[in-house]
Amino acid sequence: MKPTTFRALVITETENKQYLRQIQDKSVDDLPAGDVLVRVHFSSLNYKDALSASGNKGVTRNYPHTPGIDAAGIVAESSDPRFTPGDPVIVTSYDLGMNTAGGFGQYIRVPAGWVVPLPKGLTLREAMGYGTAGFTAGLSVFQLIRHDVLPEHGEVLVSGATGGVGSIAVAILSKLGYAVAAVNGKVDRSDYLNAIGAKRIISIDEATDKSGRPLLKSQWAGSIDAVGGDILATAVKSMNANGVVTTCGNAASPELPVNVYPFILRGVTLVGIDSQNCPMPHRLETWEKLSDEWKIPMPETMVEEIRLEDLDQRIDRMLNRQHKGRSVVNLTN
Ligand SMILES: NC(=O)c1ccc[n+]([C@@H]2O[C@H](COP(=O)([O-])OP(=O)(O)OC[C@H]3O[C@@H](n4cnc5c(N)ncnc54)[C@H](OP(=O)(O)O)[C@@H]3O)[C@@H](O)[C@H]2O)c1
């Protein structure tokens, strides 16, 4: 039964450009038009949500707004024959949580083309343990495998490893038998990184070349990068011959200070990862892998469950680089 009101985190913009975060009662009738109404059971916190919740107009143009680029729940209504009330589903990417009211509310209404049936091997909570961060990690692992980076070829470097994308990438790669070197965070999180599967811990200083040389000692068979800037450049310059680097984020910087030598003298491949516009067939294939062959344990140290009320503080922690792993938001109550 569809209720008339539900709870949501709403960001409002004040006259002096402050962004207030409040839990409000919203009406289902206020949701945008769409094919599928979903009762959200779980969401999760991603870097993009922290930006949306703090007034980043590159992510969210207009306020008031409910962020949440991730949602997993049960179909409440559907005008599309592919979905029936009662179906468990995942909705991530596209415009969810950016300029469309997102998963930090107990209901969302979205186009049917955004909806992924929950794979059999996952609960709604596990799906949000991955969320966009884990899905992006999955896309990155996919690219390493697609480009023939195999465990026997050598170590794989993961940057931003203490964060959402990085933590899940470390855990999946380790499950698949890769030797993972993980770049530590601002705060020492070696114990955490070892516990989720890293074989070697690299400090941010070690991961950042200061010599400015165009090529560095070959060290890595592959790399999954979530931070960009000098750390990504250092990884590109330190690849083995035919090594593969994926790039998905700019947590440190959007710049990439490299020249062509790693590409023309070592055959390095740099692969861009865009989870938002990933075509549906590859999206379904990746969720299937995450639910089965690549499924990782999600201990509380890596995936912590929080409530809507906790988001305000978690968002600040994420913006201040104090967040670790993944936060799953329980919206069942
Ligand atoms: N392309 C896509 O489809 C896609 C999808 C998902 C995410 N992303 C992007 O990927 C990035 C990571 O997202 P996330 O959800 O994993 O965020 P997150 O949980 O906040 O993790 C960010 C990670 O980056 C590290 N970091 C932050 N600033 C840094 C700096 N100046 N130097 C070195 N390391 C730094 C953090 O380390 P500390 O422990 O030191 O804080 C942490 O490990 C973001 O830029 C996000 O927008 C892109």
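Residues numbered from 1 in each chain as written. Predicted model: local features only at pLDDT ≥ 70, side-chain atom pairs only at ≥ 80, totals over all residues. Heavy atoms only, no water.

The protein is annotated in an unreviewed UniProt entry as Alcohol dehydrogenase from Desulfosarcina ovata subsp. ovata.

**A word on the overall build of the protein**
Regarding its fold elements, the protein presents eight helices and 15 strands. In terms of overall size, the protein behaves like a compact globule, its C-alpha atoms giving a radius of gyration of 20 Å where 333 residues would be expected to give roughly 20 Å. Dimensions of the protein, computed from C-alpha atoms along their principal axes, come out at roughly 60 × 45 × 35 Å. In the protein, which comprises 333 residues, the share counted as buried stands at 53%. (Helix = DSSP H or I, 4+ residues; strand = E, 2+ residues; numbered from the N terminus. Rg over C-alpha atoms; globule rule 2.2 N^0.38 Å. Buried < 20%, exposed > 50% of the residue type's maximum accessible area, 1.4 Å probe, protein only.)

**Some details on the site of the ligand**
With respect to spatial proximity, 24 residues lie near the ligand, and among them Thr162, Val165, Lys186, Ser275 and Arg321 are the closest. Taking Gly163, its main chain carries an N or O atom lying 3.1 Å from an oxygen atom of the ligand. The separation between an oxygen atom of the ligand and a polar main-chain atom of Asn250 is 3.1 Å. Contact with the protein chains removes 86% of the 920 Å² of surface that the ligand exposes when unbound. Among the cavities detected, the one that contains the ligand is the largest pocket. Looking at the shell around the ligand, the elements that each hand over two or more residues are α2 (124–146) and α3 (164–175). (Near = heavy atom within 4 Å. Polar contact = N/O pair within 3.5 Å; in protein donor to acceptor, adjacent residues only side chain to side chain. Areas by Shrake-Rupley, 256 points an atom, 1.4 Å probe, with all protein chains shown as cover. 1 Å grid on protein atoms, 1.4 Å probe; cavity = no way out; pocket = protein on both sides within 12 Å on 5 of 7 lines; lining within 4 Å. Sits in = over half its atoms within 2 Å of the grid points.)

**Section: the domain arrangement of the protein**
Partitioning the protein into structural domains gives domain 1 (5–118 + 299–330) and domain 2 (130–272). One C-alpha centre belongs to domain 1, the other to domain 2; they are set 29 Å apart. Taken together, the contacts link 16 residues of domain 1 with 15 residues of domain 2. Carbon and sulfur atoms supply 57% of the area buried between domain 1 and domain 2, which totals about 1200 Å² over both sides. For domain 1, the biggest contributors to the area lost against domain 2 are Met302, Arg321 and Arg326; these three give 41% of the whole. Joining domain 1 to domain 2, the criterion identifies zero salt bridges. (Domains from an automatic or database assignment. Contact = heavy atoms within 4.5 Å. Buried area = accessible area lost by both parts, 1.4 Å probe. Salt bridge = Lys/Arg side-chain N within 4 Å of Asp/Glu carboxyl O.)

**Here's the deal with the packing of α2 against helix α7 (residues 280–291)**
Each packed pair of helices is defined by two parameters, the angle between the axes and the distance between the axes. Put simply, α2 and α7 touch, their axes get as near as 9 Å, and they point 105 degrees apart. With respect to α7, the axis of α2 lies roughly perpendicular. From α2, Ala127, Tyr130, Gly131, Gly134, Phe135, Gly138, Leu139, Phe142 and Arg146 reach across to α7, where they touch His282, Arg283, Glu285, Thr286, Trp287, Lys289 and Leu290. Taken together, the residues of the contact of α2 with α7 break down into seven nonpolar, five polar and four charged. (Axes fitted to C-alpha atoms, helices over the stretch in contact; angles between N-to-C directions. Parallel < 35°, antiparallel > 145°, perpendicular 65-115°, else oblique. Nonpolar A, V, L, I, M, F, W, Y, C, P; charged D, E, K, R; others polar.)

**Examining the layout of surface pockets**
The volume enclosed by the largest pocket comes to roughly 1100 Å³. Sorting the residues of the lining of the largest pocket by element identifies α1 (47–52), α2 and α3 as the ones contributing at least two each. Residues that form the lining of the largest pocket fall into these classes: 21 nonpolar, 18 polar and six charged. Considering only enclosed or pocket space, the second largest pocket measures out at about 240 Å³ in volume. Lining the second largest pocket are 17 residues, and of these Lys26, Pro64, His65, Thr66 and Ala101 sit closest to its centre. Contributing elements (two or more residues each) for the lining of the second largest pocket: β1 (5–13) and β2 (19–27). Looking at which element gives the most residues to the lining of the second largest pocket, the answer is β1, with three residues. Split by residue class, the lining of the second largest pocket holds eight nonpolar, seven polar and two charged. (Points joined across faces, edges and corners; volume = space filled by probe spheres on them.)

**Some words on unusual backbone geometry**
Backbone geometry follows two general trends: most residues other than glycine have a negative phi, and most peptide bonds adopt the trans configuration. Residues Tyr63 and Pro64 are joined by a peptide bond in cis, for which omega reads 5 degrees. Its location among the elements puts Pro64 in the loop between α1 and β4 (70–78). With a phi angle near 65 degrees, Asn242 is a residue other than glycine that sits in the positive phi range. By secondary structure assignment, the location of Asn242 is in strand β12 (residues 239–247).

**A word on a nonpolar patch on the surface**
A surface patch of nonpolar side chains, about 420 Å² in accessible area, is lined by Val260, Tyr261, Ile264 and Leu265. With respect to the helices, strands and loops of the structure, Ile264 is situated in helix α6 (residues 261–265). With a relative accessible area of 57%, Ile264 lands in the exposed category. (Patch = residues over 30% accessible without salt bridge, like charges linked within 9 Å, V, L, I, M, F, W, Y side chains within 5 Å.)

**Some points on the environment of Ala195**
As for its placement among the helices and strands, Ala195 is situated in helix α4 (residues 190–195). Here Ala195 falls in the exposed class, since its relative accessible area comes to 66%. Put simply, Ala195 and Asp25 are 170 residues apart on the chain and 40 Å apart in space, counted from C-alpha to C-alpha.

**Some thoughts on the UniProt feature "domain: Enoyl reductase (ER)" (unreviewed entry) in the protein**
UniProt's entry tags residues 21–329 with the feature "domain: Enoyl reductase (ER)" (unreviewed entry), counted in the numbering of this structure. Secondary structure across residues 21–329 divides into 27% helix and 24% strand, with the first and last C-alpha atoms of the span separated by 16 Å. (UniProt positions renumbered as here; feature names shortened; annotations may be inferred.)

**Section: the packing of aromatic side chains**
To describe a pair of aromatic rings, one takes the distance between the centres and the angle between the planes. Per the counting criterion, the structure on display carries six aromatic pairs. When the centroid spacing of 6.3 Å and the interplanar angle of 75 degrees are considered together, the rings of Tyr130 and Trp287 count as edge-to-face. Taken together, the residues span a long stretch of sequence, with Tyr130 in helix α2 and Trp287 in helix α7 at a distance of 157 residues. Grouping residues by exposure puts Tyr130 and Trp287 together as buried. A connected cluster of aromatic rings, assembled from ring pairs, spans Tyr130, Phe135 and Trp287. In this arrangement the basic side chain of Lys324 is found over the ring face of Tyr192, its NZ or CZ atom lying 4.4 Å from the centre. (Phe/Tyr/Trp six-rings, centres within 6.5 Å; stacked < 30°, edge-to-face > 60°. Lys NZ or Arg CZ within 6 Å of the ring centre and 35° of its normal.)

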